Amino acid sequence: MNKHILSGNEAVALGAYQAGVKVASAYPGTPSTEILQNFATYDGVYAEWAPNEKVALEVAIGSAMTGVRTLFTTKHVGLNVAADPLMTLAYTGITGGLLIVCADDPGMHSSQNEQDNRYYARFAKIPMLEPSDSQEAKAMVAEGLRLSESYDTPTLLRMTTRVCHSKAIVDTDVENQAPIPKAEGFKRDLKKFVMIPAFGKLRHPLVLEREEKLTAVSEKSPFNRMEMNDTRVGIITSGIAYQYVKEILPEASVLKLGMTFPLPATLIREFAAKVDRLLVVEELEPYIEDEIRIMGLAVEGKALFSKLDELSPDTVAAGFAKAGMLPFDLPAAREKAPGSEMPRPPLLCAGCPHRGLFYALNKMKALVHSDIGCYTLSVLPPLQSIDTTLCMGASISMAHGTAKAVAQAGIEDKRPVFATIGDSTFFHSGITSLLDVIYNKGNVNVIIMDNRITAMTGGQQNPGTGKTLQMEDTNAVDIISLVKAMGCTRVREIDPFDLEGTLAALKEEVDYDGPSVLVTKRPCIQLFRQDPQAVRVVDEAACIGCKMCLKLGCPSISQGGIIPDEEGKKERHYARIDAATCYGCSLCEQVCKQNAISVVAG
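For clarity, every value in this text was computed on a predicted model and none was experimentally measured.

Caption draft 1: Focus on the overall build of the protein. A count of helices and strands for the protein gives 21 helices and 22 strands. Radius of gyration (C-alpha) of the protein: 27 Å, near the 25 Å computed for a compact globule of 602 residues. Taken along its principal axes, the extent of the C-alpha atoms in the protein is 85 × 65 × 55 Å. Counting the 602 residues in the protein, one finds 53% classified as buried. Considering only contacts in the protein between residues 6 or more positions apart, those separated by 24 or more positions represent 73%.

Shown next as structure tokens:
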């Protein structure tokens, strides 16, 4: 038996490879990104980053309909983008196995909401599996593909941040599994694959029939099991919450659910009959709890465990204490990690090319609709230069709506309206938004920040980088040429490290009546090494402690020592630049009016 320590994402990638998956597609999104990154390293497979999740799922559907086992991965909000094909795919079914891995983000570690995507399985009436650790994640991949092929359906594997990123011991040997079906290519079946209304009506009853069959499967699934101990309390749980329950209340009886759609109603009733008190411990929404109430069973859940944020051993212990199941306040007795009371706010990296742009936008006092990416951090002090962030691609559309509303309603608002969006996000869903602005003669100033990579999720390739996921050379989209081809006549490139030039360009665009596009083009600072010759240093004697450089929000700049009282001047702090982290972008030198910052000597 070979055992290795793997994260949940690594385990899914390994499980997919061992289960015969040949094609995988996704758009990078935390916490799911590493699944495809790991899968792409295996021999004999194809993996790609698609421009967005809708495209990625459609690629996966085309692959699965040819009989090839296929993987599609996404973070929770990405499934919203792919929901259109998903809902009809539930009707058509597939030929080869199709596993949809959806990574939810309770606690919003890197997301704009913490929606509970278990409801997508019920919405689409497709089977859903939920692993509680890396070993189960690997095993459920093969089972999900088997269910997919056996019942003509995609299967949803629902992960969460803790399962994706936590590591556990995994048996990496190929487990006993059915032979991998041989792909036989696409077979024409018009009534199955062409969803005109007449054929859709024929498929819907089959979806309902399939749901009944899958319910019977759920009742017998080895991933749904009773662990009987003290019958005074019975806890129904799933996913990472199972681990917390076993840690805090190991003596309780537990019904662990690994296949959570359809829910095994008979098994739940059997378990409930064996215990005196029934509780559900689950993250976010009362998905399981509500279903049990509909069954007519008395159950406790969200009255004890919050619908907000992710669960933890502490919050689960607090819920049990509230229920009177613990002899003392266990959360108070648990030691907190050092530094847990001193949160470290996220910042743009030292040398980030976005910093100069958002510093300039702050100076402009503009109304800025921003998008999803590293640059969203410019909402924090000291930059505080954006006003909205909603979802991928929304910045341009929202800016267009704002400008039209101000003009139509005669609102006295002289602030210029800007939309800021990254290169990968523009490819994801900003192109159609910009097309809308151009087509409808919008008066919006769009800034596309091309840092040559998908930075927020760790530096993945995109259609503008010239490399595929598997690092093959490919065509690189030229953003300026693309924007011109869409009909925008005013588009140019600017350097965000040139503050004076950036400010001048922004002011020029404000005076232009019509759609305009500025493209900032500087690579992400993580793509190259620090240049020691470009590091800046502060002349303490020249520094007057005005703190102008601190307004950039650069983590390399801090308040240094105190300059003592001289000639009636108050003592003050001089600025300090950390040479180990400075990348020499020169923004601090540009904002310093005392010329106290310069390139380090020799």
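On we go.
Caption draft 2: Highlighting the pairing of strand β18 (residues 516-521). For β18, the tally of buried residues reaches five of six residues, placing the bulk of the element in the interior. Regarding the hand of the β-α-β motif, the stretch spanning strand β17 (residues 491-494), helix α20 (residues 499-510) and β18 is right-handed.

Caption draft 3: Spatial organisation of a nonpolar patch on the surface. Taken together, the side chains of Leu190, Val194 and Ile196 define a hydrophobic patch exposed on the protein surface, amounting to about 230 Å² of accessible area. Summarising the element assignment, Ile196 is placed in the loop between α9 (190-193) and α10 (197-220).

Caption draft 4: Geometry of the confidence of the model for the protein. When pLDDT is averaged along the protein, the result is 91, and 95% of the positions lie at 70 or above. Note that residues 328-333 has pLDDT below 50 and, in this model, six contacts with residues that lie over four places away or in other chains.

Caption draft 5: Molecular detail of the pattern of salt bridges. The tally for this structure, following the rule as stated, stands at 33 salt bridges. Note that Glu130 and Arg158 form a salt bridge whose closest N and O atoms lie 2.9 Å from each other. One end of the pair, Glu130, is in the loop between β6 (128-129) and α7 (134-150); the other, Arg158, is in strand β7 (residues 155-160), and 28 residues separate them in sequence. With respect to burial, Glu130 and Arg158 carry one shared label: buried. Of the charged contacts in the structure, one is a salt bridge between Lys307 and Glu285, with a shortest N-O distance of 3.7 Å. Highlighted residues: Lys307 in the loop between α13 (287-294) and α14 (313-322) and Glu285 in the loop between β13 (278-281) and α13, separated in sequence by 22 residues. Classification of Lys307 by relative accessible area gives partly exposed; the value is 42%. Counted as one network, the salt bridges with shared partners bring together Asp104, Asp116, Arg118, Glu130, Arg158 and Glu282.

Thresholds, definitions, all that
- Residue positions are counted from 1 within each chain, in the order its sequence is given.
- Per-residue local features are limited, in this predicted model, to residues with pLDDT of at least 70; the limit for side-chain atom pairs, both in listing and counting, is 80 or more; totals at the level of whole chains, interfaces and linings are taken over all residues.
- In computing side-chain properties, one takes all heavy atoms of the structure into account and sets aside hydrogens as well as water.
- Per the convention used, a helix needs a DSSP run of H or I reaching at least four residues, while a strand needs a run of E reaching at least two, with both numbered from the N terminus.
- Note on method: radius of gyration uses C-alpha positions; expected globular size equals 2.2 Å times residues raised to 0.38.
- Only protein chains enter the accessibility calculation, which uses a 1.4 Å probe; a residue whose area is less than 20% of its type maximum is buried, one above 50% is exposed, and one in between is partly exposed.
- When checking whether two residues touch, look at their non-hydrogen atoms; a contact exists if any pair is within 4.5 Å.
- With the strands pointing away from the viewer, any crossover whose connection runs clockwise from the first strand over the helix to the second is right-handed.
- Exposure above 30% relative accessible area and no salt bridge define the residues that can form patches, which grow by joining like charges within 9 Å and nonpolar side chains of Val, Leu, Ile, Met, Phe, Trp and Tyr within 5 Å.
- Each accessible area is a Shrake-Rupley result for a 1.4 Å probe, and residues are judged covered by the shown protein chains and nothing else.
- We count a salt bridge whenever a side-chain nitrogen from Lys or Arg sits within 4 Å of a carboxyl oxygen from Asp or Glu.
- What pLDDT reports is the predictor's confidence in each residue, on a scale of 0 through 100.

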